[in-house]
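Take a look at the letters that make up each chain.
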Amino acid sequence: MSFLYPLGFLGLLAIPLLILIYIIKNKYTEQVVTSTYLWTLSERFLKRKNPVNKITGIISLILQILTVIAISFAIAHPVFTMRAAAEDYCFVLDGSGSMNIENGGRTRLENGKARIRREINGAVEGSSYTIVYTGDYAAVVCEKTQDKSLALRAINEIEPCYTATDPADALKIVQAYFNETPSLKTFLYTDKAYDVTENVTIVNLSAREINYALANVDYTMKSGGAEVTGTAFSYESRANLTVEVYCDEEKTPVSSVRLEVEQLVGMPFTLSVGRTDFSALRVRIAERDALAADNEVVLYKPLADDSFRTLIVSDDEIYLQAALTSMDIKYTLIAPEQYRSQENELGGYGLYIFNAYAPKVLPRDGAVWFVNPPDNTPRAGFTVLNRETLPSAGKMSYSTSSSTRVRQLLENVVKEDEMYVKSYARCGFDRDFTALLSYDGNPLLFVGANEYGNRQVVFAFGLGEGDFAVSPNLLILMKNLIGYTFPAMVDSTLFTCGDVAIVNVLKNATSIRVETPSGKEEYLDSSATSVEYILKEVGTYTFTQISGGTVLPPAKLYSELAADERMPSQTAIAYVISGEASTARRDGAYTSIVYLFIFLAVVILADWMVYCYEQYQLR
């Protein structure tokens, strides 16, 4: 036997103190009686009827000593060692989106947490508990603790998530623990079916609950309205489903369709909306099931920056004019001499394009494009180092970066169409830029922000120098660059939970607030031209930016449940923890005896108090 808190035995020092008090205590008490004759008679009666009265003081002392001993043992917390009786446990809890399917009023995640709590409460004292949660990512929420209350608290604090999780990361974590402790008993609480397992016990929480879902929902504008398309699924049984579409926040149904959906066979649908002035379309399945998160999709119209006023400063630039005209963008063309004479008076444009010219002061109120920039480019974040003239036209190469920004700006570009350049300006940088086209490692077309925080596009060559101006990719790139220059706050309004949304920082924005579907508020960095934001919840996100003290119209997007999480039961390949398992156990502990000492202390204390009360009554 050992003790968790041996200092509790310091309480035994009270025993000598009690004995000392008993020795020096006055044994006589002053009594007032009406007659010595009656007192004599009562003494004879008490001596004859209550002989124990002589040792009342001894009984009181013994009870006090026993009370002190019991309380001291309770504080010291005695522990009895149980040889090779405890286990090392590792609980892995699946937190993927499908674990939010309800069963009996509780989600699968809640049922998994309840079963882990039962395992911990029923385990032998001295066992260790490791808990791995695969939510938005695999995380160890409790590591090798022998404190049951700590492990239970970690379980209770786990919150649901809606992303599609990869068990591989959790498997790596568990494998490392198993390599260290081969006797580790691992339990995986999930709703997925694994056909191959090793050194792990799968606890399947799926009860094959009914689940319906919408997939591939989208809309196209038609004459006189919009046409909504999509597919309805029923995963566990054949079902008759009603799909409805609502316009804007009034939620007034404008169209619905009744579908006979076979199990696991998607049923396509088309719904017509007789309006074009809507800002959002809500598509939903009317029938209820065990998972509401995949029964609704909201399609929002992108809200674009409408400051399309453009000023071109150039002597002769027909290629840019043709490209802007084809995109129906209004522009004003002036010569560099005119701009130089009116530089302090011109303003209010959303885009300034300088062709072979650089102003003395960079405009602060709009985006800037430089075409074939001269040597002096103030506060633009780059410097023309020298000019290169090639003996023969050189082939430009596209960026191979996989970043979201590069993919967006090179979207639909036909990279097989080769483009060549004859001369260009070699540039140095004192800010971060994203290169889209380059030659021999020198960026020729790059984007970023100038020192005023405004978006900037630089063509480090003349559009007529080479075949760029006659390439089919010119218009494609121009459209992408215009989209970058006059961005919507979000480039898309429909995502899958777990995706990364690109939030464009609008002109002069000083604050970006995000309201999540659950009502939480977050603030994003507004110092760059764009910021990445991970969507972790199912539902509508609202992004609001403040520019010059003015709150801009908010942008909304919808994050839907991942397709892989809509089916209640899925079959994975394997969940294997490799290695030879050991049957060794750790020593357990029995600590419940402390409750016996507490009980004894309470009983003795109560008995002593009753005894003292009776003695007082007899006096």
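On a predicted model such as this, the values are computed, not experimentally measured, just so you know. (Residues numbered from 1 in each chain as written. Predicted model: local features only at pLDDT ≥ 70, side-chain atom pairs only at ≥ 80, totals over all residues. Heavy atoms only, no water.)

1. Observations regarding the packing of aromatic side chains
No. 1: Under the criterion given, the structure shown has 26 aromatic pairs.
No. 2: Positioned above the aromatic ring of Phe278, the side-chain terminus of Lys301 is 4.5 Å from the ring centre.
No. 3: The ring centre of Tyr349 lies 4.4 Å from the NZ or CZ of Arg309, which sits over that ring. (Phe/Tyr/Trp six-rings, centres within 6.5 Å; stacked < 30°, edge-to-face > 60°. Lys NZ or Arg CZ within 6 Å of the ring centre and 35° of its normal.)

2. Digging into the environment of Gly225
No. 1: Its place among the elements puts Gly225 in strand β13 (residues 225-234).
No. 2: Residues Gly225 and Thr276, spaced 51 residues apart in sequence, show a C-alpha to C-alpha distance of 4.9 Å.
No. 3: For Gly225, the contacting residues outside a window of four places in its chain are Thr220, Val273, Gly274, Arg275 and Thr276. (Helix = DSSP H or I, 4+ residues; strand = E, 2+ residues; numbered from the N terminus. Contact = heavy atoms within 4.5 Å.)

3. Some thoughts on the nonpolar core
In globular proteins that are soluble, nonpolar side chains generally tend to be buried together.
No. 1: Core analysis: the biggest nonpolar cluster contains 38 residues, and Trp369, Phe459, Phe461, Phe468, Met478 and Leu481 have the highest contact counts within it.
No. 2: Residue contributions to this core peak at 6 residues, all from helix α10 (residues 473-485).
No. 3: Residue contacts for Met478: discarding those within four places in its chain leaves Leu320, Ala323, Met327, Trp369, Phe459 and Leu463.
No. 4: One finds Leu241, Cys247, Ala290 and Cys497 within the second-largest nonpolar core, a separate group that totals 34 residues. (Core = buried A, V, L, I, M, F, W, Y, C linked by side-chain atoms within 4.5 Å. Buried < 20%, exposed > 50% of the residue type's maximum accessible area, 1.4 Å probe, protein only.)

4. What about the sheet that holds strand β28 (residues 455-459)?
No. 1: Judged by pairing direction, the sheet is mixed, and its 8 strands sit side by side in the order β20-β19-β21-β22-β28-β27-β26-β24 without closing on themselves. Two strands in the sheet have a free side with no partner beyond their single neighbour: β20 (331-334) and β24 (397-398).
No. 2: The pairing of strand β26 (residues 433-439) with strand β27 (residues 442-449) spans 6 bridges and is classified as antiparallel. Directly across from Phe433, in β27, lies its bridge partner Gly448.
No. 3: Packing of helix α7 (residues 318-326) onto the sheet brings it into contact with β19 (310-313), β20, β21 (351-355) and β22 (367-371), and relative to β20 it is tilted by some 165°.
No. 4: Contacts from α10 reach β21, β22, β24, β26, β27 and β28 within the one sheet, and its direction differs from that of β28 by about 155°. (Pairing = 2+ DSSP bridges. Axes fitted to C-alpha atoms, helices over the stretch in contact; angles between N-to-C directions.)

5. Section: the packing of helix α4 (residues 108-122) against helix α5 (residues 148-156)
No. 1: Interaxial distance between α4 and α5 falls to 10 Å at its minimum, and their mutual angle equals 180°. Comparing the axis directions of α4 and α5 gives the class roughly antiparallel. Here Lys113, Ile116, Arg117, Ile120 and Asn121 of α4 lie close against α5, whose contacting residues are Lys148, Ala151, Leu152, Ile155 and Asn156.
No. 2: In terms of residue class, the contact of α4 with α5 is built from 5 nonpolar, 2 polar and 3 charged. (Parallel < 35°, antiparallel > 145°, perpendicular 65-115°, else oblique. Nonpolar A, V, L, I, M, F, W, Y, C, P; charged D, E, K, R; others polar.)

6. Overview of the pattern of salt bridges
No. 1: Overall, the coordinates contain 19 salt bridges when judged by the stated rule.
No. 2: Across the pair Arg284 and Glu244 runs a salt bridge whose closest N-O atoms are separated by 2.7 Å. On the criterion of sequence distance, the pair formed by Arg284 in strand β17 (residues 280-285) and Glu244 in strand β14 (residues 239-247) is long-range, its members being 40 residues apart.
No. 3: The exposure class of Arg284 is partly exposed, given its relative accessible area of 22%.
No. 4: We note a salt bridge from Arg426 to Glu388, for which the minimum N-O separation is 3.7 Å. With Arg426 in strand β25 (residues 420-429) and Glu388 in strand β23 (residues 382-395), this residue pair connects regions lying 38 residues apart in the sequence. (Salt bridge = Lys/Arg side-chain N within 4 Å of Asp/Glu carboxyl O.)

7. Describing the sheet that holds strand β11 (residues 201-204)
No. 1: In spatial order, the strands read β7-β6-β3-β8-β11; together these 5 strands make up an open sheet with mixed pairing. At either end of the open sheet lies a strand with only one pairing partner, and these are β7 (138-145) and β11. Pairs of neighbouring strands in the sheet enclose a mean axial angle of 15°, with direction left out of account.
No. 2: As judged from the 7 bridges shared by strand β3 (residues 88-94) and strand β6 (residues 128-134), these two strands associate in the parallel manner. Directly across from Leu93, in β6, lies its bridge partner Tyr133.

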